[in-house]
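Chain and residue survey
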Amino acid sequence: MRLEPNAHVAFRDICLDFARHVAYSYIMKQISYTKAAIKALRRMPVNTATLIRSKIEVYAQDPGSQANNVKSLKGREGVRLRVGDWRVIMDDQGNVLAVLDIGPRGGIYD
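Now for a look at the structure at hand. (Residues numbered from 1 in each chain as written. Predicted model: local features only at pLDDT ≥ 70, side-chain atom pairs only at ≥ 80, totals over all residues. Heavy atoms only, no water.)

**Some remarks on the pattern of salt bridges**
Oppositely charged side chains are able to pair whenever their charged atoms sit close together. Tallied over the entire structure, the rule returns one salt bridge. Here Asp92 ties to Lys29 by a salt bridge, and the two come within 2.3 Å at their closest N and O atoms. Note that Asp92 is positioned in strand β4 (residues 86-93) and Lys29 in the loop between α1 (5-27) and β1 (30-33), a separation of 63 residues in sequence. Classification of Asp92 as partly exposed rests on a relative accessible area of 22%. (Salt bridge = Lys/Arg side-chain N within 4 Å of Asp/Glu carboxyl O. Helix = DSSP H or I, 4+ residues; strand = E, 2+ residues; numbered from the N terminus. Buried < 20%, exposed > 50% of the residue type's maximum accessible area, 1.4 Å probe, protein only.)

Okay, structure coming up:
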């Protein structure tokens, strides 16, 4: 069986993509949730909680991927992650991403 010249390039690209994925998985920050954040996740619908957890994991793995949805908070330390009508308040210091609170758009900042 003879390989096409482009087949070798495609295989190389797949290997490079896999290597990048493995490298990112080692760089991912550890995520810790406060009791208030866990309580909020348990009270919301399961599909919403799953979406929020997946967005937090994506941010922990590559903060630049969520650049449009993350802003620094004014008046207090931390960052805000926007997930639809929900907001996630996080402390992004060092190697640990601390999820401080999760709530609806209107009431999370009180």
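**Observations concerning the sheet that holds strand β3 (residues 79-83)**
Hydrogen bonds between backbone atoms are what pair the strands of a sheet, whose relative direction is either parallel or antiparallel. Judged by pairing direction, the sheet is mixed, and its five strands sit side by side in the order β1-β5-β4-β3-β2 without closing on themselves. Only two strands of the sheet have a single neighbouring strand rather than two, namely β1 and β2 (70-72). Within this sheet the neighbouring strands show an average axis-to-axis angle of 30°, counted without direction. In this structure, β2 lies alongside β3, joined through three bridges in antiparallel fashion. Note on β3: the bridge partner recorded for Lys71 is Arg80. Strand contacts of helix α2 (residues 35-43): β1 and β5 (96-104), with the helix running at about 45° to β5, the strand carrying the most contacts. (Pairing = 2+ DSSP bridges. Axes fitted to C-alpha atoms, helices over the stretch in contact; angles between N-to-C directions. Contact = heavy atoms within 4.5 Å.)

**Describing the environment of Gly84**
Note on placement: Gly84 falls in the loop between β3 and β4. The spacing of Gly84 and Thr48 is 36 residues in sequence and 9.3 Å in space, taken between C-alpha atoms.

**Let's talk about the environment of Tyr109**
Within the secondary structure layout, Tyr109 lies in the segment after β5. Note on Tyr109: relative accessible area 41%, which makes it partly exposed. Each C-alpha atom, one on Tyr109 and one on Leu73, is 9.7 Å from the other, the two residues being 36 residues apart in sequence. If sequence neighbours within four positions are ignored, Tyr109 has contacts with Leu73, Arg80, Arg87 and Ile89.

**What to know about the nonpolar core**
Ile52, Ile56, Leu81, Val88, Met90, Val99 and Ile102 are the most contacted members of the largest nonpolar core, which has 18 residues in total. Of all the elements, helix α3 (residues 46-61) adds the most residues to this core, at five residues. Excluding anything up to four places from it in sequence, Ile52 contacts Leu41, Met44, Val83, Trp86, Val88 and Ile102. (Core = buried A, V, L, I, M, F, W, Y, C linked by side-chain atoms within 4.5 Å.)

**Details of α2**
The complete set of buried residues in α2 reads Ala37, Ala40 and Leu41. Down the axis, α2 shows its buried residues gathered within 100° of arc, on one side only. Those residues of α2 that are exposed and aimed more than 90 degrees away from the buried face are Lys35, Arg42 and Arg43. Against the buried residues of α2 lie β1, α3 and β5. (Arc of directions from axis to C-beta.)

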